[in-house]
Amino acid sequence: MKKYILALDQGTTSSRAILFDHDGNICSSKQLEFTQIFPEPGLVEHDPMEIWLTQLTTAKLAMSSIGAQADDIAAIGIANQRETTIVWNTETGIPIYNAIVWQDRRTSDIVDELKANGYADLFKQRTGLVLDAYFSGTKLKWILDHVANARNLANENKLAFGTVDTWITWNLTNRRAHVTDESNASRTLLFNIHTGKWDEELLKILDIPSNILPTVVSSSGVIGEASSGLFSSRIPVAGIAGDQQAATFGNLCIKPGMVKNTYGTGCFLLKNTGDKALESKNNLLTTTGWQIDGKRNYCLEGSVFIAGAAVQWVRDGIRFIDESAEIEKLATEVPDNGGVYMVPAFAGLGAPHWDQYARGALFGITRGTTQAHIARATLESIAFQVSDVVQAMKSDSGLGLTALRVDGGACRNNFLMQFQADVLDCIVERPTCLELTALGAAYLAGLAVGFWHSTDELEQVWKVERIFEPQMKKELREELLEYWHRAVTRSLGWIKE
């Protein structure tokens, strides 16, 4: 019997590898941060080679730290930052440009042109997405249009496009597997979520050749083997999902109506809608959750661009704290926010506002404002943004929220979780294992190779560590939300002429 599943969790600011056992316990975990590249305001890039090398290194470190061999590992599952776009030369294996990160806004003009030409409804109908610079399609178009010789290489069949899962898998399998799964494909603006195929009409509109696209495979199923040149023997690669869909699966929100929120660099709220692709009337996204055994599971998603990244800004930008975890202590030095509200629109605003021209702002500052008030306003802004998405979901589905399952680094913050329960007026369930993105990737891979035999078996693995119950009075909740919405309104369209 194999002992472990190796989950590769390739995130926006770090690469992580975790070894899980049959009980879903973390047996080993290693993480490496990598360089964030900001060529100009609003532009965000990564070095794809650094992504790959940090991910491979964490895998080897996680294994060696407990003496695990390749023969001990039943399968590898991959979860990844979504929408981040990589194009590489298939002959050399070298990317032709840096990875353009999901936060990057350089293609806002392309998006505006597509909207002006009346394409917004077509893209939403086919892909479930709103037209926004967030997604991969316009980033890919930008690379093909702006990198010297890119289109010639594409015509010669020497280019490959992929999101980060595709890049990692291609390198893991020694360049044999150029694939993605439906959850990642559904975030590109190029994929028809109803037919499960790349959409020729959308490709034509964006002038993207189909020969550079990866093959779409199941989210759970063996799609190749990690090369024996990387590990001592080959290991099946058997699960792929975009990080938020992986976290939804990891939180076992596998029944229609269940909802999870991941508190990472951004916040991502997903509601399982089963086999129905609900079209949002409130600017939420319809996305493929996962596809297993030919069955497609859909979700409604609200994407908040900046959550944990706002805490990083307090740490690195204005240097109020030395470590991110210190923000909770600082924030609780004051009994309330002192009338201070932060709108962390550092990369525009996502759902349900979708304003790529909004920018970050602090409101209500007085002579009495302290670092603690700003720290508290920062944490509160995360919960307020989630509240906006929950209200949009309620309006779309007609159903309120009774419980929210949470994961991600920031959900360790007890103040934030209690405030979230208060502003949502519902319970928040925090599981024992917070690495739900990695655990979801592990579940998908493990199910494919018989490490786990069913989702019923997985139900025994998922455990609650703490439940936060709402305590705030209705009047205070309504007052806080009113001022929050006033602040958001003032931040909209900030840089648009």
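Residue positions are given per chain, counting from 1 as you read along its sequence in written order. Local features in this predicted model are restricted to residues of pLDDT 70 or higher, and side-chain atom pairs are both shown and tallied only at a pLDDT of 80 or more, whereas totals for entire chains, interfaces and linings draw on every residue. Hydrogens and waters are ignored; side-chain quantities use all the structure's heavy atoms.

### Topic: the packing of helix H10 (residues 308-317) against helix H12 (residues 371-397)
- For the pair H10 and H12, the least separation of the axes is 9 Å and the interaxial angle reads 170°. Judged on the interaxial angle alone, H12 and H10 are roughly antiparallel. Residues Gly308, Ala310, Val311 and Val314 of H10 form the contact with H12, whose participating residues are Thr378, Leu379 and Ile382.
- Among the residues making up the contact of H10 with H12, the classes are represented as five nonpolar, two polar and no charged. Simply put, an axis is a line fit to the C-alpha atoms, just over the touching stretch for a helix, and the angle between two N-to-C directions goes from 0 to 180 degrees. Think of it this way: any DSSP run of H or I at least four residues long counts as a helix, any run of E at least two long counts as a strand, and we number them from the N terminus. Put simply, angles under 35 degrees are roughly parallel, angles over 145 are roughly antiparallel, angles from 65 to 115 are roughly perpendicular, and the rest are oblique. The contact criterion used is simple: two residues touch if any of their non-hydrogen atoms lie within 4.5 Å. The nonpolar class holds Ala, Val, Leu, Ile, Met, Phe, Trp, Tyr, Cys and Pro. Asp, Glu, Lys and Arg form the charged class, and all remaining residues, Gly among them, are polar.

### Here's the deal with unusual backbone geometry
- The residue after Ala351, namely Pro352, is reached through a cis peptide bond having omega -5°.
- Note on placement: Pro352 falls in the loop between strand E19 (341-343) and strand E20 (361-363).
- Of note in the backbone geometry, Asn174 takes a positive phi value of approximately 55° without being a glycine.
- Note on placement: Asn174 falls in the loop between helix H6 (164-172) and strand E9 (179-181).
- Even without a glycine there, the phi angle at Asp425 is positive, about 55°.

### Some words on the packing of aromatic side chains
- Any two of the Phe, Tyr and Trp rings considered here, Trp counted by its six-membered ring, make a pair once their centres fall within 6.5 Å; the pair's planes then place it as stacked at under 30 degrees, edge-to-face at over 60, or tilted in between. In this structure the tally under the stated criterion is 23 aromatic pairs.
- For the ring pair Trp167 and Trp170, a centre distance of 6.3 Å and an interplane angle of 15° mean the geometry is stacked. You can see Trp167 and its partner Trp170 sitting in helix H6, three residues apart, about one turn around the helix. A single burial state applies to Trp167 and to Trp170, both of which are buried.
- Directly above the ring of Trp142 sits Arg106, whose terminal nitrogen or CZ lies 4.6 Å from the centroid. For every residue, the accessible area (1.4 Å probe, protein chains only) is compared with the maximum for its type, and the residue is labelled buried under 20%, exposed over 50%, or partly exposed between those bounds. Two limits define a charge over a ring: the Lys NZ or Arg CZ must be within 6 Å of the ring centre, and within 35 degrees of the ring normal.

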